[in-house]
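# Structural overview for review
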Amino acid sequence: MSQPTKADIQKNSLLDFSLRKFLKRNGFSYLMLMPAFIIVALVIIYPFLYNFNLAFTNLSRSTLIDFLREGKLHYIGLNNFVEVLTQSTFWTVLLRTLIWTIVNVFCHVTFGIFFAILLDRDMIFKGIYRALLILPWAIPQYISVLVWKGMFNYNYGAVNILLERLSQIFDFTYEPIAWLSNPTTGFMAAIIVNVWVGIPFMMMIALGGLQSIDPNYYEAAEIDGASGFQQVKHITLPLLKPVMMPAVILGVIMTFNNLNVIYLLSFKKLTEKIDILVTYVYKAAFGYFRLGYAAAFSVIIFLILLGFSTVFIKQNESH
Amino acid sequence: MSVRRDGIIKRTLIHLILIVSAIIAVYPALRVFGISIRPDDILYSTSLEIIPDGATFSAYMQLIFEEPFLIWLKNSLIVSFFTVVLGVTLAATAGYAFAKKRFPGRKPGLIFFLIVQMFPSTMLLLPMFLLLRKINLTNSHLGLIIAYTTFVLPLCVWQMRGYYETIPDTLEEAALVDGLNQFQAFYKVILPLASPGLVITALFSFMSSWNEIMIAKALMQDPDMYTLPRGILNLSSRFNTEWSTFAAGSIMIMIPVVIMFLILSSYLVGGLTLGSVKG
């Protein structure tokens, strides 16, 4: 007798299909998923579709009153999308957002793994170091950003004071930098703050990953005479990769969409000079009430992230 | 990497790096504390020291006794508590199905929970506000609880699924062979084993709801319904910001989260898992 082919099995299972069997097999899974799915669908999908709808309207400060009173919307087709994509600001801000995301996530992952490797050994004060290094994660972002903003102050900020003192000790010249008055240094400051905020998360993920690596690998490498650096490169990093990947995707999405740091740091000072896409959208929506325009803009942000994640996941699957 | 004993130079170097990094990690938090105990007449100082001259706890007194601090605290506790309960329950069940069951729509479902993270959350605010207003849930704890649960849920589902995947399938199979039904196998066998994962998921949901400010700002306009961060933000936007009071408020918000992190930091290693993207 010949083996049944895959197509045969499929055909058979289609013929055999009965709702009762299907439910008996999968009902439990769907039941377990249902509550989470319903609440997410209601509270995210509805606003999402609503926003999608707004993207095709000219809802703005002048038409908002009409809309709130009578629910009237005036559709203008793809005009908002055209406006976003033909503006040169969009492309500048997009480029800045890409730099922002890449630099941040790269530093988060590199420092995160670095600290995790340092902490994953027997030594005194290990627990204390770990607890202290997690702290930036535990502090609400708006508080840490406001504190950092004070620390970047030209006259009284800890950053300039510290660098000045270091320059006296190590005898180099340091001109105090007006960090938050200039777009370039302001953007650097924002990246420094966000790197500081994001390291602990990656560090903890990496620490978890390191613990699941079999120590025998290192022992074998040791016998083969591999140096510490070679062990990290050929054992630690490849084995960490599957653990870090979902965290990296999540990190990219969250950094890309991080409103707090740039918004609070540039508030009233570097207005619109160091914007990334989300802060730009936020200002367009709640500063200028260009709601239709902002809605179209958010749809574009969403599509960029969707595209990125799809490519990223596909690539990792093929490896 | 505990196989090899590091040399004395290497160990000193590692401690040095960790000490400097720890100082950088902790300094901003200490700075807030320093500002909170600063007497009113010192606005700016060029000192790097944490404890200012004439340190006083009057800002804390003022915050607790002269501002509606206790009302904000109550609101925050209610909202955070129910967000944690709801978030953990929903993530524990959904994550389990994703990790241990194979059913049609599993992969799209998993991707769905990733995709909902991609939309700028600030743009969901306006429609969500209109929606909640329609069903009379603005200025209510329930509205905020629903909003927070939804926003933390995708991450929590991924986290729980990742944790369940570290539990061998054989345990569950054994439970089923022993005559438990699927639900019993879940909550009698797997769920207790997943407690480190549950603890971390609870920590996530607690942190996001306890610290959240943008949604609270949009949904809670009645000062009696302010959460702690929302109330503290209000202090900072007054005409004449009293930074010491603001800082004292920030410290009060930070303390519970920091304590939880310190207590749970050993759980965090190993409990924090996002699983793999594949499968």
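Residues numbered from 1 in each chain as written. Chains lettered and ligands numbered in written order. Predicted model: local features only at pLDDT ≥ 70, side-chain atom pairs only at ≥ 80, totals over all residues. Heavy atoms only, no water.

### Concerning the confidence of the model for chain A
Averaged over all residues, the pLDDT of chain A equals 85, while 94% of them reach at least 70. Confidence, expressed as mean pLDDT per element, reaches its minimum in chain A at helix 1 (residues 6-16) of chain A with 58 and its maximum at helix 5 (residues 88-119) of chain A with 94. (pLDDT = per-residue confidence, 0-100. Helix = DSSP H or I, 4+ residues; strand = E, 2+ residues; numbered from the N terminus.)

### Remarks on the domain arrangement of chain A
Residue and element names in this part refer to chain A. Partitioning chain A into domains gives domain 1 (49-86 + 289-319) and domain 2 (94-284). Each of domain 1 and domain 2 was reduced to a C-alpha centroid, and the two centroids are 31 Å apart. Across the boundary between the two partners, domain 1 contributes 14 residues, which contact 14 residues of domain 2. Carbon and sulfur atoms supply 82% of the area buried between domain 1 and domain 2, which totals about 1,200 Å² over both sides. Here domain 1 and domain 2 share 0 salt bridges between them. Taken together, the links from domain 1 to domain 2 amount to 2 residue pairs in polar contact (both at pLDDT 80 or more). Classifying every residue of the side of domain 1 that touches domain 2 by side-chain character gives 10 nonpolar, 3 polar and 1 charged. (Domains from an automatic or database assignment. Contact = heavy atoms within 4.5 Å. Buried area = accessible area lost by both parts, 1.4 Å probe. Salt bridge = Lys/Arg side-chain N within 4 Å of Asp/Glu carboxyl O. Polar contact = N/O pair within 3.5 Å; in protein donor to acceptor, adjacent residues only side chain to side chain. Nonpolar A, V, L, I, M, F, W, Y, C, P; charged D, E, K, R; others polar.)

### Things to note about the UniProt feature "transmembrane region" (unreviewed entry) in chain B
Residue and element names in this part refer to chain B. Taken from the UniProt record, the annotation "transmembrane region" (unreviewed entry) applies to residues 12-30, 77-98, 110-132, 144-164, 184-207 and 246-269. Taken end to end, residues 12-30 is 100% helix and 0% strand, and its two terminal C-alpha atoms sit 26 Å from one another. The span residues 144-164 is 100% helical and 0% strand by assignment, and the distance between its end C-alpha atoms comes to 29 Å. (UniProt positions renumbered as here; feature names shortened; annotations may be inferred.)

### Regarding the confidence of the model for chain B
Here chain B averages 84 in pLDDT, and 91% of its residues register 70 or above. For chain B, the element scoring lowest by mean pLDDT is helix 5 (residues 121-134) of chain B, at 81; helix 3 (residues 69-100) of chain B scores highest, at 93.

### Quick look at the environment of A:Trp91
The topology assignment puts A:Trp91 in helix 5. The sequence separation of A:Trp91 and A:Asn257 amounts to 166 residues, and the corresponding C-alpha distance is 17 Å.

### Some remarks on the interface of chain A and chain B
Residue-level contacts link 101 residues of chain A with 92 residues of chain B. With both sides pooled, the region where chain A packs onto chain B buries about 8,900 Å², and carbon together with sulfur makes up 79% of that total. For the chain A face of the interface with chain B, the top three residues by lost area are A:Phe28, A:Met32 and A:Tyr142, together amounting to 8%. Inspection of the chain A/chain B interface yields 0 salt bridges. On inspection of chain A and its partner chain B, the count reaches 5 residue pairs in polar contact (both at pLDDT 80 or more). Counting residues per element, the side of chain A that touches chain B draws most heavily on helix 2 (residues 19-54) of chain A, which supplies 22 residues. Residues that form the side of chain A that touches chain B fall into these classes: 80 nonpolar, 13 polar and 8 charged.

### As for the packing of aromatic side chains
Per the stated rule, a full pass over the model turns up 36 aromatic pairs over all chains. Ring centres of A:Tyr46 and A:Tyr50 lie 5.8 Å apart, and the angle between their planes is 55 degrees; on these two criteria the pair is classed as tilted. With A:Tyr46 and A:Tyr50 both in helix 2 and 4 residues apart, the pair spans about one turn of that helix. Taken together, the ring pairs connect A:Phe28, B:Tyr96, B:Tyr164, B:Phe183, B:Phe186 and B:Tyr187 into an aromatic cluster. The ring of A:Tyr293 is capped by A:Arg290, whose NZ or CZ atom sits 3.9 Å from the centre of that ring. (Phe/Tyr/Trp six-rings, centres within 6.5 Å; stacked < 30°, edge-to-face > 60°. Lys NZ or Arg CZ within 6 Å of the ring centre and 35° of its normal.)

### A look at the domain arrangement of chain B
All names here are of chain B. The assigned domain composition of chain B is domain 1 (8-56) and domain 2 (60-271). Taken over C-alpha atoms, the centre of domain 1 sits 31 Å from the centre of domain 2. With 8 residues of domain 1 at the contact, the number on the domain 2 side is 8 residues. When domain 1 packs against domain 2, close to 570 Å² is buried across both sides, 77% of that on carbon and sulfur atoms. The largest share of the area that domain 1 buries against domain 2 comes from Val-32, Ile-35 and Ser-36, three residues that together contribute 60% of it. Inspection of the region where domain 1 meets domain 2 yields 0 salt bridges. Across the domain 1-domain 2 interface, the total number found is 1 residue pair in polar contact (both at pLDDT 80 or more).

### Focus on the UniProt feature "transmembrane region" (unreviewed entry) in chain A
Residues and elements named next belong to chain A. The UniProt record annotates "transmembrane region" (unreviewed entry) at residues 28-49, 98-119, 187-210, 243-265 and 285-313. End C-alpha atoms of residues 28-49 are separated by 29 Å, and the span's content is 100% helix alongside 0% strand. Helix makes up 100% of residues 98-119 and strand 0%, and the two end C-alpha atoms of the span are 31 Å apart.

### Regarding the environment of A:Asn182
All names here are of chain A. Within the secondary structure layout, Asn-182 lies in the loop between helix 8 (158-170) and helix 9 (183-211). Asn-182 sits 93 residues away from Asp-275 along the chain, and the two C-alpha atoms are 13 Å apart. From its side chain, Asn-182 meets the backbone nitrogen of Thr-184 in a polar contact 2.8 Å long.

### Some points on the packing of helix 5 of chain A against helix 9 of chain A
Packed helices, taken two at a time, are described by the angle between their axes plus the distance between the axes. Residues and elements named next belong to chain A. One way to put it is that helix 5 packs onto helix 9 with a least axis distance of 6 Å and a crossing angle of 45 degrees. As summarised for this structure, helix 5 and helix 9 are arranged oblique, according to the angle between their axes. Crossing hand, helix 5 versus helix 9: right-handed. Split by residue class, the contact of helix 5 with helix 9 holds 21 nonpolar, 5 polar and 1 charged. (Axes fitted to C-alpha atoms, helices over the stretch in contact; angles between N-to-C directions. Parallel < 35°, antiparallel > 145°, perpendicular 65-115°, else oblique. Left-handed = near helix turned anticlockwise from the far one by under 90°.)

### Some points on the nonpolar core
The nonpolar side chains of soluble globular proteins are, as a tendency, buried together. Judged by nonpolar contacts, the single largest core of 202 residues is most densely connected at A:Trp137, A:Phe201, A:Met204, A:Phe297, B:Leu18, B:Tyr164 and B:Phe261. It is helix 9 of chain A that contributes the most residues to this core, 17 residues altogether. Those residues in contact with A:Met204, other than ones at most four positions away along the chain, are A:Arg130, A:Ile134, A:Trp137, B:Ser265, B:Leu268, B:Val269 and B:Leu272. (Core = buried A, V, L, I, M, F, W, Y, C linked by side-chain atoms within 4.5 Å. Buried < 20%, exposed > 50% of the residue type's maximum accessible area, 1.4 Å probe, protein only.)

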